[in-house]
Amino acid sequence: MAQTEPNLDHDISWFLLPSYWAKMVVALISFLCFANSYDGDFVFDDSEAIINNKDLRAETPLGDLWYHDFWGSKLSSNTSHKSYRPLTVLTFRINYLLAGGFYPVGFHVINIILHCTISVLMIDVFSILLGGLQFSNKGRRLNLAPKSSLLAALLFAVHPVHTECVAGIVGRADLLCALFFLLSFLGYCKAFRENKEGHTFSILWVLVSVILGAIAMLCKEQGITILGLNAVFDALVINKINLLELIQKLLHKDKLLENAGQLRKGLLFRITLLMSGGASILYIRWRIMGTGPPAFTEVDNPASFADSLFVRAINYNYYYSLNAWLLLCPWWLCFDWSMGCIPLIKSVSDWRIIALAALWFCLIGLICQALCSEDSHKRRILTLGLGFLIIPFLPASNLFFRVGFVIAERVIYLPSIGYCILFTYGFSLLSKQAKKKKILAVAVLGILLINVMRCTFRSSQWRSEEQLFRSALSVCPLNAKVHYNVGKNLADKGNQSAAIKYYREAVRLNPKYVHAMNNLGNILKERNELHEAEELLSLAVQIQPDFAAAWMNLGIVQNSLRRFEEAEQSYWTAIKHRKKYPDCYYNLGRLYADLNRHIDALNAWRNATVLKPEHSLAWNNMIILLDNTGNLAQAEAVGREALELIPNDHSLMFSLANVLGKSQKYKVPIHC
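Residues numbered from 1 in each chain as written. Predicted model: local features only at pLDDT ≥ 70, side-chain atom pairs only at ≥ 80, totals over all residues. Heavy atoms only, no water.

Named according to an unreviewed UniProt entry, the protein chain is dolichyl-phosphate-mannose--protein mannosyltransferase originating from Lepidothrix coronata. The UniProt entry for the protein chain carries the following comment under Pathway (unreviewed entry): "Protein modification; protein glycosylation." Looking at the protein chain in UniProt, the text filed under Sequence similarities (unreviewed entry) is "Belongs to the TMTC family." (UniProt positions renumbered as here; feature names shortened; annotations may be inferred.)

### Focus: the overall build of the protein chain
Across its full length, the protein chain holds 29 helices and zero strands. The buried share of the protein chain, reckoned over its 672 residues, is 53%. Considering only residue pairs separated by 6 or more positions, the protein chain has 68% of its internal contacts joining residues 24 or more positions apart. Per element, the accessible surface of the protein chain, about 31400 Å² overall, is 62% carbon and sulfur. Positive and negative side-chain charges of the protein chain, numbering 65 and 52 respectively, have mean locations separated by a distance of 7 Å. (Helix = DSSP H or I, 4+ residues; strand = E, 2+ residues; numbered from the N terminus. Buried < 20%, exposed > 50% of the residue type's maximum accessible area, 1.4 Å probe, protein only. Contact = heavy atoms within 4.5 Å. Areas by Shrake-Rupley, 256 points an atom, 1.4 Å probe, with all protein chains shown as cover. Lys, Arg positive; Asp, Glu negative; His and termini not counted. Charge placed at Lys NZ, Arg CZ, Asp CG, Glu CD.)

### Notes on the state of the cysteines
Among covalent bonds in proteins, the disulfide is the one between the sulfur atoms of two cysteines. Inspection of the entire model under this criterion finds one disulfide. You can see Cys420 has no disulfide; the closest cysteine sulfur is in Cys455, sitting 11 Å from it. On the accessibility criterion, Cys420 (0% relative accessible area) is buried. (Disulfide = S-S within 2.5 Å.)

### Structural notes on empty space enclosed by the protein
Where empty space is left can be seen by rolling a probe of water-molecule size over the atoms. One pass over the structure, following the stated rule, counts one cavity of 30 Å³ or more. What the largest cavity holds in volume is close to 50 Å³. Along its surface, the largest cavity is lined by 13 residues, and Tyr319, Asn323, Phe393, Ala396 and Val406 are the ones closest to its centre. Classifying every residue of the lining of the largest cavity by side-chain character gives ten nonpolar, three polar and no charged. (1 Å grid on protein atoms, 1.4 Å probe; cavity = no way out; pocket = protein on both sides within 12 Å on 5 of 7 lines; lining within 4 Å. Points joined across faces, edges and corners; volume = space filled by probe spheres on them. Nonpolar A, V, L, I, M, F, W, Y, C, P; charged D, E, K, R; others polar.)

### A few points about a nonpolar patch on the surface
On the surface, Trp325, Leu328, Trp331, Trp332, Leu449, Ile450 and Met453 cluster together into a nonpolar patch covering about 800 Å² of accessible area. Elements that contribute at least two residues to the nonpolar patch include exactly helix H13 (309–328) and helix H17 (437–461). Counting residues per element, the nonpolar patch draws most heavily on H17, at three residues. Relative to the assigned elements, Leu328 resides in helix H13. When its relative accessible area of 57% is taken as the criterion, Leu328 is described as exposed. (Patch = residues over 30% accessible without salt bridge, like charges linked within 9 Å, V, L, I, M, F, W, Y side chains within 5 Å. Salt bridge = Lys/Arg side-chain N within 4 Å of Asp/Glu carboxyl O.)

### Structural notes on the confidence of the model for the protein chain
Looking at the protein chain as a whole, the pLDDT averages 89, with 94% of positions reaching at least 70. Ranking the elements of the protein chain by mean pLDDT puts helix H11 (residues 256–262) last, at 49, and helix H7 (residues 172–190) first, at 96. (pLDDT = per-residue confidence, 0-100.)

### Quick word on the packing of aromatic side chains
Aromatic ring pairs: the centre-centre distance and the angle between the two ring planes describe each pair. Overall, the coordinates contain 21 aromatic pairs when judged by the stated rule. Both rings, one in Tyr419 and one in Phe423, keep their centres 6.0 Å apart while their planes meet at 55°; by these two values the pair is tilted. With Tyr419 and Phe423 both in helix H16 (residues 416–433), this residue pair falls four residues apart, about one helical turn. Residue classification places Tyr419 among the buried positions, given a relative accessible area of 13%. Between Trp572 and Tyr585, the ring centres sit 6.3 Å apart and the planes meet at 90°, which makes this aromatic pair edge-to-face. Taken together, the residues span a long stretch of sequence, with Trp572 in helix H24 (residues 564–577) and Tyr585 in helix H25 (residues 582–594) at a distance of 13 residues. For Tyr585, a relative accessible area of 12% gives the class buried. For Arg85, the ring lying beneath its charged end belongs to Phe70, and the centroid distance is 4.9 Å. One cation-aromatic arrangement involves Arg578 over Tyr581; the distance from NZ or CZ to the ring centre is 4.0 Å. (Phe/Tyr/Trp six-rings, centres within 6.5 Å; stacked < 30°, edge-to-face > 60°. Lys NZ or Arg CZ within 6 Å of the ring centre and 35° of its normal.)

### Let's talk about helix H5 (residues 146–157)
Between its first and last C-alpha, H5 extends 16 Å over twelve residues, near the 16 Å set by a 1.5 Å rise per residue. Burial runs high along H5: eleven of the twelve residues are buried. Every buried residue of H5 is listed here: Lys147, Ser148, Ser149, Leu150, Leu151, Ala152, Ala153, Leu154, Leu155, Phe156 and Ala157. (Expected span 1.5 Å × (residues − 1).)

### Comments concerning helix H14 (residues 353–372)
Three- or four-residue spacings in an α-helix give side chains the same orientation, since the helix completes a turn every 3.6 residues. The first and last C-alpha atoms of H14 sit 28 Å apart over 20 residues, in line with the 28 Å expected at 1.5 Å per residue. For H14, every residue scored as buried is listed here: Leu356, Leu359, Leu363 and Ala370. Here the buried residues of H14 occupy an arc of 70° about the axis, which is enough to place them on one side. Exposed residues lying more than 90 degrees from the buried face of H14 are Ile354 and Phe361. Looking at the packing, one finds that the buried side of H14 touches H13 and helix H15 (376–390). (Arc of directions from axis to C-beta.)

### Quick look at the pattern of salt bridges
Applying the stated criterion across every chain, the model contains 23 salt bridges. For Asp124, the salt bridge is made with Lys23, and the minimal N-O distance between the two is 3.3 Å. Here the residue Asp124 occupies a position in helix H4 (residues 104–131), and Lys23 occupies one in helix H1 (residues 19–34), the gap between them amounting to 101 residues. Judged by relative accessible area, which is 17%, Asp124 ranks as buried. For Lys23, a relative accessible area of 23% corresponds to the partly exposed category. Arg410 serves as the salt-bridge partner of Glu164, at 2.9 Å between the closest nitrogen and oxygen.

### Examining the nonpolar core
Counting residues in each nonpolar core, the largest one holds 192 residues, and the members touching the most others are Phe126, Leu129, Phe185, Phe233 and Ile417. Among the elements that take part in this core, H4 stands out by supplying twelve residues, more than any other. Core analysis: the next-biggest nonpolar cluster, separate from the first, contains 13 residues, Phe42, Ile50, Leu56 and Ala173 among them. (Core = buried A, V, L, I, M, F, W, Y, C linked by side-chain atoms within 4.5 Å.)

### Some thoughts on the side chain of Ser373
Assignment of secondary structure puts Ser373 in the loop between H14 and H15. The class for Ser373 is buried, based on a relative accessible area of 13%. A distance of 3.2 Å separates a polar atom in the side chain of Ser373 from the backbone nitrogen of Asp375. Ignoring sequence-local partners within four residues, the contact set of Ser373 consists of Cys368, Lys378 and Arg379. (Polar contact = N/O pair within 3.5 Å; in protein donor to acceptor, adjacent residues only side chain to side chain.)

### Focus: the packing of helix H21 (residues 514–526) against helix H23 (residues 548–560)
In contact at an axis separation of 10 Å, H21 and H23 are set at 20° when each is read in the N-to-C sense. Relative to H23, H21 is oriented roughly parallel. In the crossing of H21 with H23, the sense of the turn from one axis to the other is left-handed. The residues of H23 that touch H21, namely those facing Asn518, Asn522 and Lys525, are Ala549, Ala550, Asn553, Ile556 and Val557. A per-class count over the contact of H21 with H23 returns four nonpolar, three polar and one charged. (Axes fitted to C-alpha atoms, helices over the stretch in contact; angles between N-to-C directions. Parallel < 35°, antiparallel > 145°, perpendicular 65-115°, else oblique. Left-handed = near helix turned anticlockwise from the far one by under 90°.)

### Structural notes on the layout of surface pockets
Put simply, the second largest pocket is a space of about 1400 Å³. Contributing to the lining of the second largest pocket are 48 residues, with Tyr320, Ser321, Ala324, Trp325 and Leu359 lying nearest its centre. Contributing elements (two or more residues each) for the lining of the second largest pocket: H13, H14, H15 and H16. Here the lining of the second largest pocket gets ten residues from one element, more than from any other, and that element is H13.

This is the structure we're talking about:
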């Protein structure tokens, strides 16, 4: 199927490499950008999505993955984020089983390999988007824009905004989605290779494309948008439809017959297949997920909770402009953009309105050129560039449903394809006008080199939580979550004094930040600053009455203040809000032991061990209490039961040895 197009490469002063070498260069450079992240830790969201996700463990039935969200919660749960990505979770599970545990190296290596693979595939994708679709007599697809496609693929491979997807293990969802997204597009293009029977397109390859789009969606929600992009590609490249002319003709009823000629080559049939496939996929997903909306809070996405439609619209558009800026200048990168990082625009007098005006000025200019230009080649490239920039971003735009973030660098992975198309086309236009093309080429090489260095530096920041969280302090100093995470990291390392400083700042920036209050209260409790700890924890449960951890910690503080009735009430309130709470039962048992309510204490500790059989402290306290009350036979039985479950626990061995000594069983083996 011949498609005669102007050659975009004619005006570009760039490297011309054989296809094999071009792909090798892209693979190598994309590998160098992120190779230093291979031995990084599990950071940020990795803890919830991987370490604490029971769906990765062998004891969880594989079938459960289809009814759980990305974080391992039931989709039917009110707390579920409805992020349905079972195939991504399946790859995490395979990683875990092959490694024999939570060893991050294997997870990181797979992410790096995926990005390299996607970057290589981009050469084929960009050769079609920039050079058109044409096959040789032998049925092989021709690359009509080798220099342009290489440049665009390099821009994609080294873009620093991709660091979160590659260096952050949770970014696997975006990488897998992108992989099947591209395979779906390439499969759709294969449908137009003429076969021996002379058919102009293959229904089989269209169906394969729909299936690959469904797989992409099962990796991440954005994957479904490839079906819309395939339809746009079909209309613009295969059918060469001029959208402006089509709209004008549709407005003239006397030319309906002429319009039918625009919809030749089975376009309506193929679009029907794509739409039917997409509708079926969405219906099945809806049936599995249920109708309940995702559970997000105001701090996750404050603009979506604004009462005024004007405030919501203005801020959504401002978020779009910031996403565009991250593509243009990916210098200020942050692992989290919520919690006050970007204050709301509440009036037109806010100077940030300029960013909205600049965004829409550029978009409207590009759209006008894409629709009205007399150059069909220009119309096609600009429309495809805008399509790949905008359509994959729509699920994250807040237009159809509320999302759980303000800005997320990971969701720009796919839209960056459109940016690379527009950048490359703009470079070709500048090269056409420039007298010294080599200087322009050197400038682009400089941009690529800067991006490589930025990727390397940024991926090194993702190697550990300390570096990642501290890197955000200069980018989002108003983000309470950044200060909270820095404080938590310091507290985990035993630096309580420094942690207090960051927790206090987090609470100052967000006076309703209950998790910061809870953690700060915990540290103050350990430092015996009990009254301030009680004030913070009481405020936390007042703000969020179902915050079980804060109720338990409040009970511990009240117990230390010898207000035993209030402490007992706090413990039971915590258990009411979290039925399976072994640590709370353990602390409740300690309270009952202090009050000499021995039976209640034993029952509480027994509940703790039922819920968490490896709860060593609860087992040990039962043995000691039974020993102290003279129930040596029962203490021995409990001790042996505990050691069967935790065979190498030295404290349990010591307590059981004491019991055996008092029973004059000096030579009885502890392990039977």
